[in-house]
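Structural features, examined
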Amino acid sequence: MIRVITPPVSEPVTLNDMKAHLRLFHNDEDTIIGSYITAARSYCEEVLSRAMITQTILYTMDRWPSRNRILLPRAPLISVTSVQYVDDDNNTETFANTNYVVDTDNEPGMIVLRSGETWPDETLFPENAVRITFQAGYGAAADVPATFKQAIMFLVAHYYENREEVAARGHIPQVMPMAARHLLNMDPVPWTEDFNK
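This report concerns the structure included in the present document. Per-chain numbering applies: the sequence of each chain, read as written, is numbered from 1 onward. Only residues with pLDDT of at least 70 are given local features in this predicted model, and only at 80 or more are side-chain atom pairs given and counted; all residues enter the totals for whole chains, interfaces and linings. As a rule here, side-chain values cover all heavy atoms of the structure and leave hydrogens and water aside.

**Structural notes on the packing of helix α2 (residues 30-48) against helix α3 (residues 146-161)**
The condition that has to hold: A fitted line through C-alpha atoms represents every axis, and for helices the fit uses only the stretch in contact; the resulting angles, taken between N-to-C directions, go from 0 to 180 degrees. In this text, helices come from DSSP runs of H or I with a minimum length of four residues, and strands from runs of E with a minimum of two, each type numbered from the N-terminal end. By definition in this entry, angles of less than 35 degrees are roughly parallel, angles greater than 145 are roughly antiparallel, angles of 65 to 115 are roughly perpendicular, and the rest are oblique. Left-handed is the label given to a crossing in which the near helix is rotated counterclockwise from the far helix by less than a right angle, and right-handed is the label when the rotation is clockwise. Two residues form a contact once any of their heavy atoms are found within 4.5 Å. Under the convention adopted here, Pro, Cys and the residues Ala, Val, Leu, Ile, Met, Phe, Trp and Tyr are nonpolar, Asp, Glu, Lys and Arg are charged, and Gly plus all remaining residues are polar.
Relative orientation of the contacting elements α2 and α3 amounts to 125°, with a least axis distance of 9 Å. Between α2 and α3, the crossing angle belongs to the class labelled oblique. Between α2 and α3 lies a crossing of right-handed hand. Residues I33, Y36, I37, A39, A40, R41, Y43, C44 and L48 of α2 pack against F148, A151, I152, L155, V156, Y159 and Y160 of α3. A class-by-class count of the residues in the contact of α2 with α3 yields 15 nonpolar, no polar and one charged.

Following this line, the structure appears as structure tokens:
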């Protein structure tokens, strides 16, 4: 499970920039355009397994992995706040950060056990027992790659012009414009949950 517990304080695309892209010169629809920007950014983050603006994320797993590392499913990784686990008696324990190193250079980032260390061997709570809190994102809006900003703008323009799914050729609903698909496919992140099993 992935859950944002501290959302971004801003969006990668400003309302004014989006209105300029849409050639809008009134304020009547600022609220809905703002909601489209947030929706488009969230969608891009899901597609890319990336965080745009700095945010705090909780990632949970049912058990420790069989490998000596845990991949964190949002890039780029900034830092790991804590690694905790819940035992079978529902007690929460913290796995000391002296037991592992945090790799922020690779994408996706990861937690790697130090030499000679192992994951705790206590019997875990049946579900969501391993709980990792971390920060991910490029930083401020100015640091988000232009490719992703442009994809967000294409998506918002599509949402603005089409208030529901659009029937494309062959009457297949078109949920994302081709230009946005192209931009988002330029930088895939090799993330798979199977790695953490």
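We are not done yet, so read on.
**Quick word on the pattern of salt bridges**
Using the following cut-off: The working definition used for a salt bridge is a side-chain nitrogen of Lys or Arg within 4 Å of a carboxyl oxygen of Asp or Glu. Relative accessibility thresholds used throughout: buried, under 20% of the residue-type maximum; exposed, over 50%; partly exposed, between the two (1.4 Å probe, protein chains only).
Going through the model one piece at a time under the given rule, you end up with five salt bridges. Linking K19 and D30 is a salt bridge whose minimum nitrogen-to-oxygen distance equals 3.0 Å. On the criterion of sequence distance, the pair formed by K19 in helix α1 (residues 15-22) and D30 in helix α2 is long-range, its members being 11 residues apart. Under the relative-accessibility criterion, K19 is labelled buried at 7%. Among the charged side chains, a salt-bridge network with shared partners connects E11, R41 and E45.

**Considerations on the packing of aromatic side chains**
Rule in force here: Put simply, two rings from Phe, Tyr or Trp (the six-membered ring, in Trp's case) pair if the centres are within 6.5 Å, and we call them stacked under 30 degrees between planes, edge-to-face over 60, tilted for the rest.
With the rule as written, the count across this model stands at seven aromatic pairs. For the pair Y36 and Y159, a centre-to-centre distance of 5.9 Å together with 65° between the ring planes defines the contact as edge-to-face. One end of the pair, Y36, is in helix α2; the other, Y159, is in helix α3, with 123 residues separating them in the sequence. For the pair shown, Y36 and Y159 are each scored as buried. Summarising the aromatic geometry, the rings of W64 and Y85 are spaced 5.7 Å apart at their centres and angled 65° between planes, so their arrangement reads as edge-to-face. Within this pair, whereas W64 is found in the loop between β2 (55-61) and β3 (69-71), its partner Y85 is found in strand β4 (residues 77-86), the two being separated by 21 residues in sequence. The class for W64 is buried, based on a relative accessible area of 11%. An aromatic cluster of three or more residues is present, and its members are W64, Y85, F95, Y100 and W119.

**Here we look at the side chain of T56**
Mapped onto the secondary structure, T56 falls in strand β2. Classification of T56 as buried rests on a relative accessible area of 12%. Not counting chain neighbours up to four residues away, the residues in contact with T56 comprise R3, V4, I5, T6, T133, F134 and Q135.

**Thoughts on the sheet that holds strand β6 (residues 100-103)**
The test is simple: Strands pair, by our definition, only if DSSP identifies at least two bridges between them.
Across the sheet, which stays open at both edges, the three strands sit in the order β3-β7-β6 with antiparallel pairing between neighbours. Two strands close off the open sheet at either side, each with one partner strand: β3 and β6. On average, adjacent strands in this sheet sit at an angle of 15° to one another, irrespective of strand direction. Two strands pair when backbone bridges link them, and β3 and strand β7 (residues 110-113) are joined in this way by three bridges, in the antiparallel orientation. Counterpart to R69 in the pairing with β7 is V112.

Interpretation note: all reported values are geometric properties and have no functional meaning in isolation.
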